[in-house]
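Residue-level listing of the chains:
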Amino acid sequence: STAIKDLESILDDCLAIRMPEEHLRWHYRSQHESLISFSNYQYYDNSLLTFPSPDDLTPAVQLVPVGGFYDRSKSKQNRAEAEAIVAEILRRLADPKLCQSTIGVVTFSQVQQRLILDLLDEAQRQNPHLEQFFAGSLIEPVFVKNLENVQGDERDVILFSVGYGPDAQG
């Protein structure tokens, strides 16, 4: 019997049947060139034309290491990371200038998404004035979505919660 190999995506299916390939030639949507530079290098062999932004000297992507661990066996969450995400959201919403920027959170799992949503619900119960940032009455509301359902969403600031990492034993 012939084994059927699972393909990762519809793109893999198209490549498997030798469908002609077309690539993007240029990219304009990102207001900061560094947001597309990884994909340009990794997937387009640096052939993608991009448009530099005036503030290109300031990195648009930052890694913020957070202490804590991934609870591999029990909750499948990273509580310290979720708490750091919520603290950053609350810091931004409390700042008169930063609160003008819209915020989105992308998690790498549904359980991490649920934890962040629960922590944000608790913060709103303790500080009812925060609800305006989540209900969308002033600006686009803060969202918390996982990778499966974030396609096409745009905000000024996106915080990623990877969640996965070393467990309590390292």
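First things first, this report covers the structure right here in the doc.

### Considerations on the packing of helix 3 (residues 79-94) against helix 4 (residues 110-126)
Close contact between helix 3 and helix 4 brings their axes to 9 Å; oriented N to C, the two are set at 45 degrees. Classed by the angle they form, the pair helix 3 and helix 4 counts as oblique. Pair helix 3 / helix 4 crosses with right-handed handedness. Across the interface between the two elements, Arg79, Glu81, Ala82, Glu83, Ile85, Val86, Ile89 and Leu90 of helix 3 pack against Gln112, Leu115, Ile116, Leu119, Leu120 and Ala123 of helix 4. Classifying every residue of the contact of helix 3 with helix 4 by side-chain character gives 10 nonpolar, 1 polar and 3 charged.

### Things to note about the pairing of strand 5 (residues 157-161)
Only one face of strand 5 is buried, namely the one carrying Val157, Leu159 and Ser161, since none of Ile158 and Phe160 on the opposite face is buried. The pairing of strand 3 (residues 103-107) with strand 5 spans 5 bridges and is parallel. Along strand 5, the bridge assignment pairs Val105 with Leu159.

The rules behind each value
Residues numbered from 1 in each chain as written. Predicted model: local features only at pLDDT ≥ 70, side-chain atom pairs only at ≥ 80, totals over all residues. Heavy atoms only, no water. Axes fitted to C-alpha atoms, helices over the stretch in contact; angles between N-to-C directions. Helix = DSSP H or I, 4+ residues; strand = E, 2+ residues; numbered from the N terminus. Parallel < 35°, antiparallel > 145°, perpendicular 65-115°, else oblique. Left-handed = near helix turned anticlockwise from the far one by under 90°. Contact = heavy atoms within 4.5 Å. Nonpolar A, V, L, I, M, F, W, Y, C, P; charged D, E, K, R; others polar. Buried < 20%, exposed > 50% of the residue type's maximum accessible area, 1.4 Å probe, protein only. Pairing = 2+ DSSP bridges.

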